[in-house]
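# Notes for the structure review
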Amino acid sequence: MRKLDVQKIALSYDAQPIVKGISFSITEGKITALIGPNGAGKSSIFRILSGLVSPDSGFVFLDGIQMKSFNDLRSHCGYLLETADFYAYLSGKKNLELLIALTRSSANATELLEMVGLAKDADKKVQHYSKGMKQRLGLAQVLIDNPSFLILDEPFNGLDPEVKELILKLLTDLKNKGKGILVSTHLLEDIETIADDFILLNEGEIYLSGSMETFGNDRQNVKMHFDVLLPQNLNLGFENCMNANVLTLKANEKETQTILKELYELDLIPYKIDRSSLLYDKYMEIIK
Ligand SMILES: Nc1ncnc2c1ncn2[C@@H]1O[C@H](COP(=O)(O)OP(=O)(O)OP(=O)(O)O)[C@@H](O)[C@H]1O
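In this text, all values refer to a predicted model and were calculated from it rather than measured experimentally.

On to the nonpolar core, then. Judged by nonpolar contacts, the single largest core of 46 residues is most densely connected at Leu152 and Leu171. A total of six residues in this core trace back to one element, the largest contributor, which is helix H5 (residues 161–176). There are two domains that each give this core at least three residues, and those are domain 1 (3–215) and domain 2 (220–287). Setting aside residues no more than four positions away along its own chain, Leu171 makes contact with Ile31, Leu152, Phe156, Ile181 and Ile194. Membership of the second largest hydrophobic core comes to 26 residues, among which are Val6, Ile9, Cys77 and Ile199.

In the vicinity of the ligand lie 13 residues, with Asn38, Gly39, Lys42, Ser43 and Ser44 positioned nearest. Here an oxygen atom of the ligand and a side-chain polar atom of Asn38 are 2.9 Å apart. With respect to the ligand, the backbone of Ala40 contributes an N or O atom lying 3.1 Å from an oxygen atom. Against a free-state accessible area of 640 Å², the protein chains account for coverage of 60% of the ligand. Per element, the largest residue contribution to the shell around the ligand is four residues, and it comes from helix H1 (residues 42–49). When its residues are assigned to classes, the shell around the ligand shows four nonpolar, six polar and three charged.

Once that is clear, we can look at a nonpolar patch on the surface. On the surface, Tyr87, Tyr89 and Leu98 cluster together into a nonpolar patch covering about 330 Å² of accessible area. Structurally, the position occupied by Leu98 is in helix H2 (residues 92–102). The exposure class of Leu98 is partly exposed, given its relative accessible area of 36%.

Here we come to the packing of aromatic side chains. Counted by the stated rule, this structure contains two aromatic pairs. Ring geometry for Tyr87 against Tyr89: centres 6.1 Å apart, planes inclined by 55°, an arrangement best described as tilted. You can call Tyr87 partly exposed: its relative accessible area is 45%.

The next thing to look at is the domain arrangement of the chain. Domain boundaries in the chain define domain 1 (3–215) and domain 2 (220–287). Taken residue by residue, the interface counts 15 residues in domain 1 and nine residues in domain 2. Roughly 1200 Å² is buried in total at the junction of domain 1 and domain 2, and carbon and sulfur atoms are behind 77% of that figure. The largest share of the area that domain 1 buries against domain 2 comes from Leu188, Glu192 and Tyr207, three residues that together contribute 37% of it. Where domain 1 touches domain 2, the interface holds zero salt bridges. The interface formed by domain 1 and domain 2 includes four residue pairs in polar contact (both at pLDDT 80 or more). Only helix H6 (188–192), strand S9 (197–202), strand S10 (205–211) and helix H7 (212–215) provide two or more residues apiece to the side of domain 1 that touches domain 2.

Next up on the list: the side chain of Lys179. With respect to the secondary-structure elements, Lys179 resides in the loop between H5 and strand S8 (180–184). No salt bridge is formed by the buried Lys179, whose closest oppositely charged neighbour, Glu28, lies at an N-O distance of 7.9 Å. Within the local environment of Lys179, its side chain forms a polar contact with the backbone oxygen of Pro147, the two atoms lying 2.9 Å apart. Ignoring sequence-local partners within four residues, the contact set of Lys179 consists of Thr27, Glu28, Gly29, Lys30, Asn146, Pro147, Ser148, Leu150 and Leu174.

Let us now look at the layout of surface pockets. Roughly 480 Å³ of volume is contained in the largest pocket. Taken together, 21 residues line the largest pocket, and the ones lying closest to its centre are Arg74, Gly78, Tyr79, Gln141 and Val142. Secondary-structure elements contributing two or more residues to the lining of the largest pocket are strand S6 (77–80) and helix H4 (131–142). With four residues, S6 is the single largest residue contributor to the lining of the largest pocket. In terms of residue class, the lining of the largest pocket is made up of 10 nonpolar, eight polar and three charged. Taken together, 15 residues form the lining of the second largest pocket, with Ala107, Leu112, Leu143, Ile144 and Asn146 sitting closest to its centre. It is helix H3 (residues 109–115) that contributes the most residues to the lining of the second largest pocket, three residues altogether.

What follows deals with helix H9 (residues 278–287). For H9, the set of buried residues is Leu278, Leu279, Asp281, Lys282, Tyr283 and Ile286. Looking at the buried positions of H9, the neighbouring elements they touch are strand S3 (31–35), H6, S9, S10, H7 and strand S11 (220–225).

This part is about the sheet that holds S10. As summarised here, the arrangement of the six strands in space is S6-S7-S8-S3-S9-S10, forming an open sheet in which the pairing is mixed. Each end of this open sheet is capped by a strand with a single partner; those strands are S6 and S10. Strand-to-strand twist of the sheet, defined as the mean angle between neighbouring strand axes without regard to direction, takes the value 15°. In the packing of H9 onto the sheet, the strands contacted are S3, S9 and S10, and the crossing angle to S9 comes to about 15°.

Cut-offs used in this document
- Residues numbered from 1 in each chain as written.
- Predicted model: local features only at pLDDT ≥ 70, side-chain atom pairs only at ≥ 80, totals over all residues.
- Heavy atoms only, no water.
- Core = buried A, V, L, I, M, F, W, Y, C linked by side-chain atoms within 4.5 Å.
- Buried < 20%, exposed > 50% of the residue type's maximum accessible area, 1.4 Å probe, protein only.
- Helix = DSSP H or I, 4+ residues; strand = E, 2+ residues; numbered from the N terminus.
- Domains from an automatic or database assignment.
- Contact = heavy atoms within 4.5 Å.
- Near = heavy atom within 4 Å.
- Polar contact = N/O pair within 3.5 Å; in protein donor to acceptor, adjacent residues only side chain to side chain.
- Areas by Shrake-Rupley, 256 points an atom, 1.4 Å probe, with all protein chains shown as cover.
- Nonpolar A, V, L, I, M, F, W, Y, C, P; charged D, E, K, R; others polar.
- Patch = residues over 30% accessible without salt bridge, like charges linked within 9 Å, V, L, I, M, F, W, Y side chains within 5 Å.
- Salt bridge = Lys/Arg side-chain N within 4 Å of Asp/Glu carboxyl O.
- Phe/Tyr/Trp six-rings, centres within 6.5 Å; stacked < 30°, edge-to-face > 60°.
- Buried area = accessible area lost by both parts, 1.4 Å probe.
- Lys, Arg positive; Asp, Glu negative; His and termini not counted.
- 1 Å grid on protein atoms, 1.4 Å probe; cavity = no way out; pocket = protein on both sides within 12 Å on 5 of 7 lines; lining within 4 Å.
- Points joined across faces, edges and corners; volume = space filled by probe spheres on them.
- Pairing = 2+ DSSP bridges.
- Axes fitted to C-alpha atoms, helices over the stretch in contact; angles between N-to-C directions.

What follows is the structure, given as structure tokens:
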């Protein structure tokens, strides 16, 4: 399994530390979500990984071998950074064909456009593409060289819900084909559905990181809605808050099951259950 190990990277702008000596890995066949508030340093990390800026310090290892510089990563990674640049007066397909020819790739422009849901707009000039369409063309471009790792800075920016779903599925398919994906986003609930690992960044430091599974047992906010008034003396042996026909508590998945069993025995069956997102809860710990 291929692995990128980033170690102790630090970056300052005008003597102001922005990325403060952080380490993390990207593994083939996994999606790692890089999340954090505005200004946490996510894009700065992407700039380092793409060789656009040199870190003040830090190393990168590919499959255990130290690379001379972050520039050496370029032949192993595909990058989607902020907004990709295209020839506006050429069609999406022509843009891809040019890049395919330039890089002597064996990729097929039509197939790539299909993958990102742009097949029907293949022959439209890029100057007539919407922001979301350009974003998708950027993703198609990233795939031209069939890189092992994909480094995607906010790939869902400007996408409508339908296209967002398509890209979420595309990322899962790419992961299943063995790509290692690092993706930053503010769409916590969406990324949670596909991420294997996460890195929660705050003020240039890792506040929390790990696999989604590790934290899957953490308690989350659970809200149950009933179509009857809840009895005042309801005792579930669990700290909760009742409001007429809504029960709110903090429970992990197993605890939620136990509570549901107790409720069913009392003939109280919720018609709707909301669980907060794990990443959202962790993110909110920073904001508080
Ligand atoms: N070229 C620059 N010169 C000086 N400061 C910069 C520069 N680029 C970014 N910064 C600062 O570095 C910090 C981190 O910015 P960065 O863009 O990496 O954050 P981010 O986590 O990607 O934020 P967002 O979620 O808003 O995209 C911010 O305080 C920003 O103002």
